[in-house]
Amino acid sequence: MPFDNLNNNHYTAAEKTAATTALTALETALTAKFKNLSPEERKKYGSINEQNKLIVNKVHDYRTNQPGLSSADVDWVEFQNDFDSRDFIQGVIARLQSMIDGLDNNKILHDFDNYQAALTDYGYSQYKAGTKTAGFETKVNELSQFFSRTGTSNPAADSTPTV
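Criteria and thresholds
Residues numbered from 1 in each chain as written. Predicted model: local features only at pLDDT ≥ 70, side-chain atom pairs only at ≥ 80, totals over all residues. Heavy atoms only, no water. Core = buried A, V, L, I, M, F, W, Y, C linked by side-chain atoms within 4.5 Å. Buried < 20%, exposed > 50% of the residue type's maximum accessible area, 1.4 Å probe, protein only. Helix = DSSP H or I, 4+ residues; strand = E, 2+ residues; numbered from the N terminus. Contact = heavy atoms within 4.5 Å. Expected span 1.5 Å × (residues − 1). Polar contact = N/O pair within 3.5 Å; in protein donor to acceptor, adjacent residues only side chain to side chain. Phe/Tyr/Trp six-rings, centres within 6.5 Å; stacked < 30°, edge-to-face > 60°. Patch = residues over 30% accessible without salt bridge, like charges linked within 9 Å, V, L, I, M, F, W, Y side chains within 5 Å. Areas by Shrake-Rupley, 256 points an atom, 1.4 Å probe, with all protein chains shown as cover. Salt bridge = Lys/Arg side-chain N within 4 Å of Asp/Glu carboxyl O. Lys, Arg positive; Asp, Glu negative; His and termini not counted. Axes fitted to C-alpha atoms, helices over the stretch in contact; angles between N-to-C directions. Parallel < 35°, antiparallel > 145°, perpendicular 65-115°, else oblique. Left-handed = near helix turned anticlockwise from the far one by under 90°. Nonpolar A, V, L, I, M, F, W, Y, C, P; charged D, E, K, R; others polar.

Looking at the nonpolar core
Of all hydrophobic cores here, the largest spans seven residues; its members are Tyr-115, Leu-119, Tyr-122, Ala-129, Phe-136, Val-140 and Phe-147. Among the secondary structure elements, those contributing two or more residues to this core are α4 (76-130) and α5 (136-144). A total of four residues in this core trace back to one element, the largest contributor, which is α4. Excluding anything up to four places from it in sequence, Ala-129 contacts Phe-136, Glu-137 and Val-140.

In structure tokens:
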């Protein structure tokens with residue numbers, strides 16, 4: 001027996017509404033601070049790599065634990081605000097990425113389930129078209145355009161789900 005319905009946990013209307021409302025609230029809370037960067041700006045300012053983040057963290061540690069060793073030329077209030085914002089954003093990104101990964105996994109399973117059901121329906125339609133039942137020949141002709149014609153007799157074997 002083939003694997004069907006790999007994910008039969010579906011979202012209720014209330015869950016969809018709650019998620020949409022939460023996303024809208026998140027967008028409202030965050031988008032006012034968003035900045036659009038050109039590709040050139042992203043390249044120019046996006047150069048802080050992991051090594052440079054370690055430098056920032058070490059300077060922050062020194063500022064916190066031995067402020068007398070800090071440069072008077074740095075706006076330390078702004079430095080701390082940037083540091084706190086960066087830390088907050090990184091935490092939000094990590095949480096959102098975790099949610100994205102979970103949603104992607106769920107979507108993959110639902111896509112696979114839909115694809116398998118579509119293949120089953122296509123096979124049924126081919127059978128019914130072979131019995132000359134009205135309407136199925138047209139349906140099979142319209143669906144057959146989505147399968148490669150490599151000379152095999154099993155369209156399902158030639159096609160893999162694209163998710």
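Quick word on helix α3 (residues 50-65)
Over its 16 residues, α3 runs 22 Å from end to end, which matches the ideal 22 Å to within 8%, given 1.5 Å per residue. Sitting at the head of α3, Asn-49 places a side-chain oxygen 3.1 Å from the backbone nitrogen of Gln-51.

Topic: the packing of aromatic side chains
Evaluated as defined, the whole model comprises four aromatic pairs. Ring centres 6.4 Å apart and planes at 20° place the aromatic pair Phe-79 and Phe-83 in the stacked group. Placement of the pair is Phe-79 and Phe-83 together in helix α4, with a separation of four residues, close to one helical turn. Judged by relative accessible area, which is 14%, Phe-83 ranks as buried.

A short note on a nonpolar patch on the surface
Taken together, the side chains of Tyr-11, Met-99 and Leu-103 define a hydrophobic patch exposed on the protein surface, amounting to about 330 Å² of accessible area. With respect to the helices, strands and loops of the structure, Leu-103 is situated in helix α4.

As for the side chain of Lys-128
Mapped onto the elements, Lys-128 comes out in helix α4. For the buried Lys-128, no salt bridge is present, and the opposite-charge side chain at shortest range is Asp-121, 11 Å distant. Non-local contacts of Lys-128, meaning those with residues more than four positions away in its chain, are made with Thr-133 and Phe-136.

A closer look at the packing of α4 against α5
The interhelical angle for the contact between α4 and α5, taken along N-to-C directions, is 135°, at an axis separation of 8 Å. Judged by the angle between their axes, α4 and α5 are oblique. Read as a crossing pair, α4 and α5 show a hand that is left-handed. Facing Asp-121, Tyr-122, Tyr-124, Ser-125, Gln-126, Lys-128 and Ala-129 of α4, the residues of α5 in contact are Phe-136, Glu-137, Lys-139, Val-140, Leu-143 and Ser-144. Taken together, the residues of the contact of α4 with α5 sort by class into six nonpolar, three polar and four charged.

Brief notes about the pattern of salt bridges
Taken as a whole and assessed by the stated rule, the structure comprises three salt bridges. A salt bridge links Glu-50 to Lys-53; the nearest nitrogen and oxygen atoms lie 3.2 Å apart. Residue Glu-50 and its partner Lys-53 are located together in helix α3, separated by three residues, close to a single helical turn. A salt bridge links Lys-107 to Asp-111; its shortest N-O distance comes to 2.7 Å. One end of the pair, Lys-107, and the other, Asp-111, are both in helix α4, four residues apart, so they sit about a helical turn from each other. A relative accessible area of 46% means that Lys-107 is categorised as partly exposed. Residue Asp-111 is classed as partly exposed on the basis of its relative accessible area of 22%.

A look at the environment of Tyr-11
Within the secondary structure, Tyr-11 is located in the segment before α1 (13-30). Excluding residues within four positions of it along the chain, Tyr-11 makes contact with Lys-16, Leu-103 and Asn-106. At a separation of 3.1 Å, a polar atom in the side chain of Tyr-11 contacts the side chain of Asn-106.

Geometric descriptors of this kind do not, in isolation, establish any biological role.
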